[in-house]
Amino acid sequence: MKALVTRLDSFGDVLLAGPAVRAVAARADHVTLLCGSRGAPAARLLPGVDEVLVWDAPWGGFQPPDVSREDIDALVDRIDADTALVLTSFHQSPLPTALVLRLAGVRHIAADSVDYPGSLLDLRHRRAPHAHEVEAALDLAEAAGFPRPDDGRLRVHAPPRTEELTGPGPYVVLHPGASVPARAWSPDRGAEAVRELAAAGHRVLVTGGPDERDLTAHVAGEHGTDLGGRTEAPELSGVLAGASVVVTGNTAPAHLAAAVGTPVVSLFAPVVPAERWRPYGVPYVLLGDQDAPCADSRARDCPVPGHPCLNTVTATDVAAAVEKLLGEA
């Protein structure tokens, strides 16, 4: 049986699909993961994936492409599967993706859907109302005939050794960036946290993407080690795996840290619900005002002056959370 799993969002969303992918892989002969370009680096880290098919959908992502019949026709020609799971967030419709899969000849398609699917779905599943994204995907997989084969935690392939980047000895990672501004702690707060953690005796590494070098340099300052732009996805997994604790917002490194078993201090803006998106399967401390006016707004830019849901979190709060997780370890 050839199976296809789709998750068309970002890096972190694809990581959260990993346990469901493993459930499918335990019963399928071949598993293709269809994802967008932002999620592709994560897809290549997931156990159970035999092939990664990259396509940016006009109904997903932060900057969706225009609709192109030629582009969709080309995707239809590339899909070769007998059965498919369409994984989406609680607020997204799976039906546009299901239509493409049906046109490609996929015989059995399963998805969570509150909308009437007509002939697009063979299994119209209803997700539990407060389920974490990982649990929702596993529930759908089980309903489609793919029961969970293991503990259901996040996993990636074995990370590479990264001592040349990290240096010897224990360290804490602070990742100050986020996929959207509404989920990011302020750079000055991050810099304060680096200074406070360093004063408490911790070695602090600051991570970020190639387009975040100015941010990571500012946050690292004179008291942290700036790794901005120096880690592709596999190397970042290695850096996070070696950390004692990771401090980050609700963004991909929170889920990558969980996938390598590292505790997380989660600076969580409530624009999406923490119950669905918190770090999964590892010890964590959630910081941020979860009852702020922006709660459940899915805003990408903070709609409240001063970004109070996160900027009321202090460097002392973060340092105390790090110590709590270290004590539990």
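Throughout, residues of each chain are indexed from 1 in the direction in which the sequence is written. A pLDDT threshold of at least 70 governs which residues receive local features in this predicted model, and a stricter bar of 80 or more applies before side-chain atom pairs are shown or counted, although totals over entire chains, interfaces and linings include all residues. Hydrogens are left out, water is left out, and the side-chain values use all remaining heavy atoms of the structure.

Chemist: Quick one: what's the story with the overall build of the chain, residue by residue and with numbers?
Modeler: In terms of regular secondary structure, the chain is built from 14 helices and 12 strands. Taking the principal axes of its C-alpha atoms as reference, the chain extends roughly 60 × 40 × 35 Å. Taking all 329 residues of the chain together, 53% fall into the buried category. Pairs of residues are marked as contacts when any of their non-hydrogen atoms sit within 4.5 Å. The contacts in the chain between residues at least 6 apart in sequence include a share of 62% that link residues at least 24 apart. Using the Shrake-Rupley algorithm and a 1.4 Å probe, accessible areas are obtained, with residue cover drawn only from the displayed protein chains. Entry remark: accessible area of the chain is about 13900 Å², with carbon and sulfur atoms responsible for 49%. His residues and chain termini do not enter the charge count, which takes Lys and Arg as positive and Asp and Glu as negative. Taken as the charge centre is NZ of Lys, CZ of Arg, CG of Asp or CD of Glu, depending on the residue. Where the 28 positive side-chain charges of the chain centre and where its 42 negative ones centre are 4 Å apart. Counting from the N terminus, the helices are DSSP H or I runs at least four residues long and the strands are E runs at least two residues long. Classification of residues uses two cut-offs on accessible area relative to the type maximum, computed with a 1.4 Å probe and protein chains only: under 20% is buried, over 50% is exposed, and between them is partly exposed.

Chemist: Explain the sheet that holds strand E9 (residues 225–226) to me, using residue names and the numbers behind them.
Modeler: Taken in spatial order, the 6 strands line up as E9-E8-E7-E10-E11-E12 in an open sheet, and their pairing is parallel. For this open sheet the edge positions go to E9 and strand E12 (284–287), each flanked by a neighbour on one side alone. Relative to strand E8 (residues 204–206), strand E7 (residues 172–175) runs parallel, the two sharing 3 bridges. Counted as the bridge partner of leucine 174 is valine 206 from E8. If DSSP finds at least two bridges between two strands, the strands pair.

Chemist: Just give me the short version of the pattern of salt bridges, but keep the residues and values in it.
Modeler: A pairing counts as a salt bridge when a side-chain nitrogen of Lys or Arg comes within 4 Å of a carboxyl oxygen of Asp or Glu. As enumerated under the stated definition, the model contains 15 salt bridges in all. With a closest N to O distance of 2.6 Å, lysine 2 and aspartate 80 form a salt bridge. Highlighted residues: lysine 2 in strand E1 (residues 2–7) and aspartate 80 in the loop between helix H4 (69–78) and strand E4 (83–86), separated in sequence by 78 residues. Taking the relative accessible area as the measure of exposure, lysine 2 reaches 35% and is therefore partly exposed. Judged by relative accessible area, which is 48%, aspartate 80 ranks as partly exposed. The salt bridge involving glutamate 192 is made with arginine 189; its shortest N-O contact spans 3.3 Å. Highlighted residues: glutamate 192 and arginine 189, both in helix H8 (residues 187–199), separated by 3 residues, approximately one helical turn. The exposure class of arginine 189 is partly exposed, given its relative accessible area of 23%.

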